[in-house]
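Reading the structure
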Amino acid sequence: MAIERTFSIIKPDATKRNLTGKINSIIEGAGLRIVAQKRIRMTREQAETFYAVHKERPFFGELVDFMISEPVVVQVLEGENAIAKYREAMGATNPANAAPGTIRKEHALSVGENSVHGSDAPETAAIEIAQFFAGNEIVG
Ligand code: RTP
Ligand code: MG
């Protein structure tokens, strides 16, 4: 299986509750390596660009407000089948539907405040990584 990279965000509800380490522990336990990581405060413009695919959805404004409400931790994760592996470790978007042991089941508060983001395909992973990291910030 190919070594892949995926983009992750530890969202404001999780950074606010000091859960970065617990979430990183689940990430590493799933066999993924954190090859880049930084804590940032997203600008409104960055959040709107990042979630542009959802701009017609009723929750878009709320989502952008949430993403800029507190610092986030942006990461690049590397490993075999990293995109699917991370989505499995994250659990379902709505924590009520997430499997036991997943990040969202253990830590998320609601479908909106759901603790993490993970890319959904190789093309989106490449775009999302490039939005937040220069090549020399990623150390594989
Ligand atoms: P993400 O993009 O953050 O990794 O989450 P996802 O793929 O599991 O979910 P997606 O459908 O891409 O939705 C993006 C984010 O929008 C928020 N959301 N709120 N209030 C709502 O009904 C609702 N639905 C989605 C969530 O924060 C979700 O992660
Ligand atoms: Mg998504």
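Everything numeric here is computed off the predicted structure, so don't read it as measured data.

**Some thoughts on the pairing of strand β1 (residues 3-10)**
- Pairing of β1 with strand β3 (residues 72-80) involves 8 bridges; the strand directions are antiparallel. Its bridge partner being in β3, Ser8 is matched across the sheet by Gln75.
- As judged from the 3 bridges shared by β1 and strand β4 (residues 116-118), these two strands associate in the antiparallel manner. By the bridge assignment for β4, Ile9 is matched with His117.

**Re the site of ligand 1**
- Neighbouring residues of ligand 1: 14 residues in total, closest Lys11, Tyr51, Thr93, Asn114 and His117.
- One nitrogen or oxygen atom from the side chain of Thr93 is found 2.5 Å from an oxygen atom belonging to ligand 1.
- Separating an oxygen atom of ligand 1 from a backbone N or O atom of Gly112 is a distance of 3.1 Å.
- Burial of ligand 1 by the surrounding chains reaches 79%, relative to a free accessible area of 560 Å².

**Comments concerning the UniProt feature "binding site: ATP" (unreviewed entry) in the chain**
- When the UniProt feature table is mapped onto this chain numbering, "binding site: ATP" (unreviewed entry) sits at Lys11, Phe59, Arg87, Thr93, Arg104 and Asn114. Those annotated residues that line the largest pocket are Lys11, Phe59, Arg87, Thr93, Arg104 and Asn114.
- In this structure, Phe59 sits in the loop between α3 (44-50) and α4 (60-67).
- Classification of Phe59 as partly exposed rests on a relative accessible area of 32%.
- Positionally, Arg104 belongs in helix α6 (residues 103-107).
- Once residues lying within four places of it in the same chain are set aside, the contact partners of Arg104 are Lys11, Met90, Gly91, Ala92, Thr93, Pro95, Ala98, Asn114 and Val116.

**Quick word on helix α5 (residues 82-90)**
- Residues of α5 that are buried: Ala82, Ile83, Tyr86, Ala89 and Met90. Summarising the axial view, the buried residues of α5 lie within an arc of 130°, below the 170-degree limit, and thus occupy one face.
- At the C-terminal side of α5, Gly91 shows a positive phi close to 85°.

**A word on the environment of Val35**
- Summarising the element assignment, Val35 is placed in strand β2 (residues 33-40).
- Leave out the neighbours within four places in its chain, and Val35 touches Arg5, Val76, Glu78, Glu137, Ile138, Val139 and Gly140.

**Details of the sheet that holds β3**
- With antiparallel pairing, 4 strands are arranged side by side in an open sheet as β2-β3-β1-β4. Strand pairing shows two members of the sheet lacking a second neighbour, β2 and β4, which therefore form its edges. Strand-to-strand twist of the sheet, defined as the mean angle between neighbouring strand axes without regard to direction, takes the value 20°.
- Each of β1, β2, β3 and β4 touches helix α7 (residues 122-132); the most contacted strand, β1, lies at about 55° to it.

About the thresholds
Residues numbered from 1 in each chain as written. Chains lettered and ligands numbered in written order. Predicted model: local features only at pLDDT ≥ 70, side-chain atom pairs only at ≥ 80, totals over all residues. Heavy atoms only, no water. Pairing = 2+ DSSP bridges. Helix = DSSP H or I, 4+ residues; strand = E, 2+ residues; numbered from the N terminus. Near = heavy atom within 4 Å. Polar contact = N/O pair within 3.5 Å; in protein donor to acceptor, adjacent residues only side chain to side chain. Areas by Shrake-Rupley, 256 points an atom, 1.4 Å probe, with all protein chains shown as cover. UniProt positions renumbered as here; feature names shortened; annotations may be inferred. 1 Å grid on protein atoms, 1.4 Å probe; cavity = no way out; pocket = protein on both sides within 12 Å on 5 of 7 lines; lining within 4 Å. Buried < 20%, exposed > 50% of the residue type's maximum accessible area, 1.4 Å probe, protein only. Contact = heavy atoms within 4.5 Å. Arc of directions from axis to C-beta. Axes fitted to C-alpha atoms, helices over the stretch in contact; angles between N-to-C directions.

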